[in-house]
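Residues per chain are reported as follows:
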Amino acid sequence: MLFGKEPTGFIFDVKRYSIHDGPGIRTTFFFKGCPLSCWWCHNPEGISPLPAPAYHAGRCIACGRCVRECTRGARSFGPEGVRLDSSQCTECRLCERVCPTRAIEFVGKEMTVGELVSLAKKDLPFYDESGGGVTFSGGEPLMQPEFLLACLEALRAEEISTAVDTSGFCREEDILRVAEQADLFLFDLKLIDPKLHEHYTGVGNHRILTNLRRLDEKLLEQGRGHINIRIPLIPGINDSQENLEAVVDCVLSLGSVSGVNILPYHSIGANKYKNLGMEFKMGRTPPPAENEVSRVLSLFASRGIHAVKGG
Ligand code: SF4
Ligand code: SF4
């Protein structure tokens, strides 16, 4: 950069060789911060825009250094190991530094555009071979719009294909600017009923559905870019006939959709909630049965939409 500082973003994970975040083999960058707090979120460490303090009880040797060193008295021993009183914590990260076993870990780190692009370029042969590229996920990548745009522009200059995985809950002007650079949007559609949407995600869906329509118009107008609609299938929450029919209506009203993915719920992230000291509201909800997933795929097929499981 000739002038000023190179844009930086806050990332909480990088997944290479991913085959579930868009077409082909991909490198996925997980952006920190999300305005939603979906009950079923399997990346709860990505919700807070700040570094999230995680505690891994299995690594703790109960040496007590974190409890002794914390000047705020925010660490103490409890029945399940070391506890954190978030109301006292200033996130100075001293406990992380003094812990000898990495049982305390603050999730999230700063990255420059240059660092991100260099990392992505390591996997160029895989993208070329498989039709893959780079995916921005999270969290919500559109919570860091300037960094996202700078990354998209830099990757486009390298002719690397890009996808943005979004909830659609962002400023309209940001998603439209991103639409000028990204090749694909992985757009989540969860619930069409606004009250249920707010109950289960913490926000209403008016802005999301409006942004989806504006994005669709923009992509059609510029003749470049597509949307893949992604529907998490969550038993008892969004699998009713009424919701699914409304989702189908929404998909049919769009002109730039290139794929529909049904993503069956799983509870793989449940343990992360415990490590982060967060409440996991899904309890013991099981994944949807195979015949239930088939029912949903058939429903889409009956309305002329080829939906696929996973992706
Ligand atoms: S981050 Fe700092 S204030 Fe917070 S618990 Fe650790 S040592 Fe205490
Ligand atoms: S410093 Fe690390 S190992 Fe020691 S008690 Fe704290 S969390 Fe456990």
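Here the structure is a predicted model, which is why all the values come from computation and not from measurement.

Caption draft 1: Representation of the domain arrangement of the protein in the model. Along its sequence, the protein is carved into domain 1 (8–48 + 108–309) and domain 2 (52–106). Taken over C-alpha atoms, the centre of domain 1 sits 33 Å from the centre of domain 2. Each side of the interface is counted separately: domain 1 has 6 residues, and domain 2 has 8 residues. Between domain 1 and domain 2, roughly 500 Å² of surface is buried when both sides are summed, and carbon and sulfur atoms account for 43% of that area. Contact with domain 2 buries surface across domain 1, with Gly108, Asn275 and Leu276 losing the most and accounting together for 72% of the total. Where domain 1 touches domain 2, the interface holds 1 salt bridge. Between domain 1 and domain 2 we count 1 residue pair in polar contact (both at pLDDT 80 or more) in total. Broken down by class, the residue content of the side of domain 1 that touches domain 2 amounts to 1 nonpolar, 2 polar and 3 charged.

Caption draft 2: Spatial organisation of the packing of aromatic side chains. With the rule as written, the count across this model stands at 7 aromatic pairs. Consider the rings of Phe31 and Phe136, whose centres lie 5.6 Å apart with planes at 85°: the pair is edge-to-face. Taken together, the positions of Phe31 in strand 2 (residues 26–31) and Phe136 in strand 8 (residues 133–138) put the pair 105 residues apart, joining distant regions of the chain. With respect to class, Phe31 is no different from Phe136; both count as buried. Of note, Arg207 hangs over the ring of Phe169, and the distance from its end group to the ring centre comes to 4.6 Å.

Caption draft 3: How the structure looks around the side chain of Asn238. Among the secondary structure elements, Asn238 is positioned in the loop between strand 11 (226–233) and helix 9 (241–252). Its relative accessible area of 1% is what places Asn238 among the buried residues. From its side chain, Asn238 meets the backbone oxygen of Pro232 in a polar contact 2.6 Å long. Other than its neighbours up to four places away in sequence, Asn238 contacts Lys190, Leu191, Ile231, Pro232, Leu233, Asn243 and Leu244.

The rules behind each value
- Residues numbered from 1 in each chain as written.
- Chains lettered and ligands numbered in written order.
- Predicted model: local features only at pLDDT ≥ 70, side-chain atom pairs only at ≥ 80, totals over all residues.
- Heavy atoms only, no water.
- Domains from an automatic or database assignment.
- Contact = heavy atoms within 4.5 Å.
- Buried area = accessible area lost by both parts, 1.4 Å probe.
- Salt bridge = Lys/Arg side-chain N within 4 Å of Asp/Glu carboxyl O.
- Polar contact = N/O pair within 3.5 Å; in protein donor to acceptor, adjacent residues only side chain to side chain.
- Nonpolar A, V, L, I, M, F, W, Y, C, P; charged D, E, K, R; others polar.
- Phe/Tyr/Trp six-rings, centres within 6.5 Å; stacked < 30°, edge-to-face > 60°.
- Helix = DSSP H or I, 4+ residues; strand = E, 2+ residues; numbered from the N terminus.
- Buried < 20%, exposed > 50% of the residue type's maximum accessible area, 1.4 Å probe, protein only.
- Lys NZ or Arg CZ within 6 Å of the ring centre and 35° of its normal.

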